[in-house]
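Descriptive analysis of the structure
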Amino acid sequence: MYYLAQILIVLILFSIQTTWLGMFSIGGVVPDLALIWVVYCAVHCSRTMGVGSGVITGILQDSLSGGLLGVNTLSKSFIALFFSALKDKFYVEGVIPVAFFLILSSLFDGLVFYLSMNTVLGGEVATSFLYQSLPAYSLYNGIVGPVLFFALNHLEGWLKLKTSKFYMTWVK
Amino acid sequence: MPNKGPKGRKNIILVFSILLFSLALMSLSAKQQKEMSFLDSLTSLTLSPFQSLFTQSVQSVSDVINNYFYLVSVSKENERLKLEVDKLGNEKNELIERISRQKRLAGLMAYQEDRKKDSLVASVIGRDATQWSKVVVINKGSRHGLKKYLAVVTNSGVIGQIIFAGPNTSKVLLTIDSRSAIDSIFQDSRVSGVVVGTGKKQCQIKYVPNTAKIKVGDRVLSSGLGGIFPKGLFIGTVFQVVKKKQGLFQEITLTPGSDLSKLEEVLVLLS
């Protein structure tokens, strides 16, 4: 049931990303809820689950973006892997650390997109992307991230409580 | 220390697995897009009910929020009256929304009749899941006769082309996406160029010689070359012209005819 709830959260996050989030666009930039979710899972879940969520979220985002498959899979998986390893060494909690690491992840995510588009696909993404859109995107993720982390923390606590109660009732 | 060896090896294997898997996906996707359509279909199929639900609820939620804020400050004495006003306001909003939808649809229908070509009206139910590409999802797919490379327009002009048609939904690549390119001509000067997306709110027209006389406000139409967009569709108007002393071509910025951030209904040209 806990995993089902997680799948539902992913579906809701993607639905919000593809419908509502445009309303909060600042200069054409919107936060990436999938990225924040991947970092959250990598920090809060086991290593396998963290990396797994990175891969699955990346594939889902790729297939929903109409772009080159694999770009988001690559960036999200590496971000998940990085944070899974990092959580034992650093304390990734609180507004400033979360915002800082989300900004770093966003920069990495954008860089992977830029390099993939300009190499594998042979497309044209203007260099101005690196110093205009990317910093704005990273900053936006850094602002929205801690809020979403806070909400997800509470949701996770509530879910764990509910699922343990459900499990106890079921065992009895 | 003895535990570091296997852990390090495991990490390296994991990194290489991710890299290999992603690169395999990228090369498969770049070369054989048809093979990947199953994944696209599956995710679109799973997500489209949620998207529809969320899109439909946007108006209701914003109404509720707006009216709620009004209601918070009212005293008990006029609560009943406020509620009545609220109810009437909701009804009015619904009616206004219905009228504006009818107007938009009437505009599309008139455009459809003018063109005398097969076309289909579709509603936008979602947007792209990433920050970088500019794609919208419409509620019509292959079951309704849609397929890849069909032009998508509104009565204000071209908005893009279908890049993927699932059974019930399709993805439309907007003209502002950096992968979009449309062969075009200027309506007055008849100079040709290629409208390419920038990934932002505006497009650029490339390959317009420095000698061509282009001014702000010039209208740009599709040239009909390329086989996707019929000739004469309005794409947008020139927003800025920069002539460099060095270089062969002008740098022209174009504002799309349709407001691509507020798309609700679109027309897919079937022929």
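Refer to the preceding data block for the structure.
All of the points below concern the structure found in this document. None of the values given here were measured: they were computed from a predicted structure. (Residues numbered from 1 in each chain as written. Chains lettered and ligands numbered in written order. Predicted model: local features only at pLDDT ≥ 70, side-chain atom pairs only at ≥ 80, totals over all residues. Heavy atoms only, no water.)

Moving on, we come to the overall build of chain B. A count of helical and extended segments in chain B gives 3 helices and 12 strands. In chain B, which comprises 271 residues, the proportion classed as buried is 41%. Summed over its atoms, the accessible surface of chain B is roughly 15600 Å², and 58% of this surface lies on carbon and sulfur atoms. (Helix = DSSP H or I, 4+ residues; strand = E, 2+ residues; numbered from the N terminus. Buried < 20%, exposed > 50% of the residue type's maximum accessible area, 1.4 Å probe, protein only. Areas by Shrake-Rupley, 256 points an atom, 1.4 Å probe, with all protein chains shown as cover.)

Ranked by size, the top nonpolar core spans 55 residues in total, and within it Phe14(A), Trp37(A), Val39(A), Phe83(A), Phe113(A), Phe129(A) and Phe149(A) carry the most contacts. Those elements that provide at least two residues to this core are α1 (2-18), α2 (33-44), α3 (47-65), α4 (71-86), α5 (95-119) and α7 (133-171) of chain A together with α1 (4-31) and α2 (37-72) of chain B. With 11 residues, α2(A) is the largest single contributor of residues to this core. In contact with Phe149(A), other than residues within four places in its own chain, are Ile36(A), Val39(A), Tyr40(A), His44(A), Val98(A) and Leu102(A). (Core = buried A, V, L, I, M, F, W, Y, C linked by side-chain atoms within 4.5 Å. Contact = heavy atoms within 4.5 Å.)

Right, let's talk about α3(A) for a bit. Residues and elements named next belong to chain A. Taking 1.5 Å of rise per residue, the 19 residues of α3 would be expected to cover 27 Å, and the 27 Å separating its terminal C-alpha atoms lies within 8% of that figure. Where α3 is concerned, the buried positions are Gly50, Val51, Ser53, Gly54, Thr57, Gly58, Ile59, Gln61, Asp62, Ser63, Leu64 and Ser65. Positive backbone phi, approximately 70 degrees, marks glycine 66, located one or two places after α3. (Expected span 1.5 Å × (residues − 1).)

Looking now at the side chain of Ser138(A). Residue and element names in this part refer to chain A. With respect to the helices, strands and loops of the structure, serine 138 is situated in helix α7. Overall, the relative accessible area of 1% leaves serine 138 in the buried class. Other than its neighbours up to four places away in sequence, serine 138 contacts Ile103, Ser106 and Leu107.

All names here are of chain B. Inspection of the sheet shows strand β9 (residues 219-222) paired to strand β10 (residues 234-242) by 3 bridges, in the antiparallel sense. Among the inter-strand pairings, valine 220 is bridged to a residue of β10, identified as glycine 236. With 6 bridges connecting them, β10 and strand β11 (residues 251-256) associate as antiparallel partners. When the bridges of β11 are listed, valine 241 appears paired with isoleucine 252. (Pairing = 2+ DSSP bridges.)

Moving on: unusual backbone geometry. One non-glycine residue, Tyr149(B), adopts positive backbone phi at about 70 degrees. By relative accessible area, Tyr149(B) is classed as partly exposed at 48%.

Tallying each qualifying case throughout the model produces 8 salt bridges over all chains. A salt bridge links Lys244(B) to Glu251(B), with the shortest nitrogen-to-oxygen separation between them at 2.9 Å. Residue classification places Glu251(B) among the partly exposed positions, given a relative accessible area of 37%. Here the salt bridges share partners, and the residues they tie into one network are Asp32(A), Lys76(A) and Asp109(A). (Salt bridge = Lys/Arg side-chain N within 4 Å of Asp/Glu carboxyl O.)

Contacts between the two partners involve 50 residues from chain A and, on the opposite side, 41 residues from chain B. Across the interface of chain A and chain B, roughly 4000 Å² is buried in total on both sides, 69% from carbon and sulfur atoms. Taken together, chain A and chain B are joined by 0 salt bridges. Run the count over chain A and chain B and you get 3 residue pairs in polar contact (both at pLDDT 80 or more). Among the secondary structure elements, those contributing two or more residues to the side of chain A that touches chain B are α1, α3, α4, α5, α6 (128-131) and α7 of chain A. For the side of chain A that touches chain B, the element with the most residues is α3(A), which contributes 9 residues. When the residues that make up the side of chain A that touches chain B are grouped by side-chain class, the tally is 28 nonpolar, 19 polar and 3 charged. (Buried area = accessible area lost by both parts, 1.4 Å probe. Polar contact = N/O pair within 3.5 Å; in protein donor to acceptor, adjacent residues only side chain to side chain. Nonpolar A, V, L, I, M, F, W, Y, C, P; charged D, E, K, R; others polar.)

The next point concerns the side chain of Ser133(B). The topology assignment puts Ser133(B) in the loop between β1 (119-127) and β2 (135-138). Ser133(B) gets classed as buried once you look at its relative accessible area, which sits at 9%. Each residue touching Ser133(B), except ones within four places of it in the same chain, is listed here: Ser65(A), Asp128(B), Asp177(B) and Arg179(B).

Turning our eyes to something else, we now look at the sheet that holds strand β3 (residues 151-154) of chain B. Paired through backbone hydrogen bonds, the strands of a sheet run either parallel or antiparallel to each other. All names here are of chain B. Read around the closed barrel, 6 strands run β1-β2-β5-β4-β3-β12, paired in antiparallel fashion. Averaged over neighbouring strand pairs, the angle between their axes works out to 45 degrees when direction is ignored. Pairing of β3 with strand β12 (residues 265-269), which is carried by 2 bridges, proceeds in the antiparallel orientation. Paired with valine 153 across the two strands is leucine 267, which belongs to β12. (Axes fitted to C-alpha atoms, helices over the stretch in contact; angles between N-to-C directions.)

What follows deals with the packing of aromatic side chains. Using the criterion set out here, one finds 6 aromatic pairs over all chains in the structure. Their ring planes at 80 degrees and their centres at 5.3 Å tell us that Phe82(A) and Phe83(A) sit as a pair that is edge-to-face. Using a relative accessible area of 43% as the deciding quantity, one classes Phe82(A) as partly exposed. For Phe83(A), a relative accessible area of 1% puts it in the buried group. Of the aromatic side chains, those joined through ring pairs into one cluster are Phe82(A), Phe83(A), Phe100(A) and Phe101(A). Above the plane of the ring of Phe234(B) lies Arg219(B), whose end atom (NZ or CZ) is 4.1 Å from the centre. (Phe/Tyr/Trp six-rings, centres within 6.5 Å; stacked < 30°, edge-to-face > 60°. Lys NZ or Arg CZ within 6 Å of the ring centre and 35° of its normal.)

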